[in-house]
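What follows is the residue order along each chain.
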Amino acid sequence: MGDHQVHKFLALDDDDSPAGLSTYIHNFTAAPLARPAVLCAPLGACCWPGAVVTAPADARRPQLEAVRRPGRRWWALAVVPLLRQQVLRMAVPSGAPRARLCPGCGAAAELAEPGGALLLPAGRCGSCGIRAGAPPLLLEVLAVTAAAVAVFAAPTLAALLAVLWWSGCAVILCFVDLRVHRLPDLLTGLAAGGVLAAYTVEAVLSGQWGHLVDAVLSAAGTGLVLLLAALLLGRHGMGLGDVKLAVSIAALLGWWGSGAVVAGLLLGFVFAGVVGVVLLASRRVTRGQHIPLGPFLIAGTWLALALLSWSGPV
Ligand SMILES: [Zn+2]
């Protein structure tokens, strides 16, 4: 076979049934190490030097097929009231107590109370009729889209849990950042912590620690680089909240390798740059005005995950 080697190996936590057997073929020219790679199709390159990976389209986990069936992603709507409630509570200025009441009439924003209608897709108080929190239907559309991306991108149940958990935090962060220009530490911390917890459980159960190590190293490296950039650029650079969000993104996408982390963050910065230029050109913002970066980083991450689901299994 010359300098080409073909490796076949079992995917994480596969059972012994033929249906659970995934075969990945690596044609190595330089680095003869068995290692799954992604982003090969969208980026035209593998994240492992010298390797070109082909994987059969049916190599997905059979146990994930159940949640991929049409219609199953609508369950994401079940958590929407909780997400709307957290947007209401956390979209407050730094240091202010969390908002638990309707800002119009003071009714409690709980499902069993008149103010509970604020948690429904219309986002309108059932007592005084004002709108508060996330705009009507937008949060619902984002939640279902994120759930669809998660179930198609994640090759294992642990990765699915990680993406769903991170996406739930991210949906809240999007609207909080748009409303009050801040990314609460509690949410960015929960996002990163939940992701790493899911990957740790998978590593312990499967005995394969590679993805967890990749995720931790990606998060640490990204945090260090962006923290230095934020300190050097001062108020013209990223806020510390953006850095913490980027760390959670790096932890999430690190499972797929450093290529996925770079792709996700770059897409986010490109989105932010394009929208910033358009807003400046249309004079809807002025030079020096702060534009929330969080929603763009989150959008870049979801797009990277969508590209990963298209590129095939890890
Ligand atoms: Zn009200």
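Residues numbered from 1 in each chain as written. Predicted model: local features only at pLDDT ≥ 70, side-chain atom pairs only at ≥ 80, totals over all residues.

- Looking up the protein chain in an unreviewed UniProt entry gives the name Prepilin type IV endopeptidase peptidase domain-containing protein, with the organism given as Dactylosporangium sucinum.

Topic: the UniProt feature "transmembrane region" (unreviewed entry) in the protein chain
- Mapped onto the present numbering, the UniProt feature "transmembrane region" (unreviewed entry) falls at residues 141-166, 186-205, 212-233, 253-281 and 293-312.
- Helix makes up 88% of residues 141-166 and strand 0%, and the two end C-alpha atoms of the span are 17 Å apart.
- Helix makes up 100% of residues 212-233 and strand 0%. Its end C-alpha atoms lie 31 Å apart. (UniProt positions renumbered as here; feature names shortened; annotations may be inferred. Helix = DSSP H or I, 4+ residues; strand = E, 2+ residues; numbered from the N terminus.)

Looking at the nonpolar core
- A150, V163, I172, L173 and V195 are the most contacted members of the largest nonpolar core, which totals 76 residues.
- Counting residues per element, the ones that place at least two in this core are α3 (80-90), α4 (138-153), α5 (157-180), α6 (185-206), α7 (210-233), α8 (240-254), α9 (258-281) and α10 (294-311).
- When residues of this core are assigned to their parent elements, the largest contribution, 15 residues, is made by α5.
- Leave out the neighbours within four places in its chain, and I172 touches L83, Q86, V87, M90 and L187. (Core = buried A, V, L, I, M, F, W, Y, C linked by C-beta atoms within 7 Å. Buried ≥ 20, exposed ≤ 12 C-beta atoms within 10 Å, placed from the backbone. Contact = placed C-beta atoms within 7 Å.)

Description of the environment of L196
- Looking at where L196 falls in the secondary structure, it is placed in helix α6.
- Those residues in contact with L196 that sit more than four places away from it in its chain are A215, V216 and A251.

Re the confidence of the model for the protein chain
- When pLDDT is averaged along the protein chain, the result is 80, and 75% of the positions lie at 70 or above.
- Confidence drops under a pLDDT of 50 for residues 1-60, and excluding neighbours within four residues, the segment shows 101 contacts in the predicted structure. (pLDDT = per-residue confidence, 0-100.)

Some thoughts on the packing of α5 against α8
- Where α5 meets α8, the closest approach of the two axes is 11 Å, and the angle between their N-to-C directions is 160 degrees. Between α5 and α8, the crossing angle belongs to the class labelled roughly antiparallel. Crossing of α5 over α8 shows left-handed handedness. Of α8, the residues touching α5 (which contributes A162, V163, W166 and L173) are L245, S248 and L252.
- For the contact of α5 with α8, the residue count by class is six nonpolar, one polar and no charged. (Axes fitted to C-alpha atoms, helices over the stretch in contact; angles between N-to-C directions. Parallel < 35°, antiparallel > 145°, perpendicular 65-115°, else oblique. Left-handed = near helix turned anticlockwise from the far one by under 90°. Nonpolar A, V, L, I, M, F, W, Y, C, P; charged D, E, K, R; others polar.)

Details of the environment of A107
- Among the secondary structure elements, A107 is positioned in the loop between α3 and α4.
- C-alpha of A107 to C-alpha of C128: the two residues are 21 residues apart in sequence and 8.7 Å apart in space.

Overview of α9
- Between its terminal C-alpha atoms α9 stretches 34 Å, which fits the 34 Å expected from 24 residues at 1.5 Å a residue.
- Within α9 the residues assigned to the buried category are G259, A260, V261, A263, G264, L265, G268 and A272.
- Immediately beyond the C-terminal end of α9, within one or two residues, lies R283, with a positive phi of roughly 60 degrees. (Expected span 1.5 Å × (residues − 1).)

Here we look at the packing of α5 against α10
- Two elements in contact, α5 and α10, have axes whose closest approach is 8 Å; the angle formed by their N-to-C orientations is 150 degrees. As judged from the angle between their axes, α5 and α10 are roughly antiparallel. Crossing angle aside, the handedness with which α5 passes α10 is left-handed. Across the interface between the two elements, V163, A170, L173, C174, D177 and L178 of α5 pack against G294, P295, I298 and L305 of α10.
- Grouping the amino acids of the contact of α5 with α10 by side-chain chemistry returns eight nonpolar, one polar and one charged.

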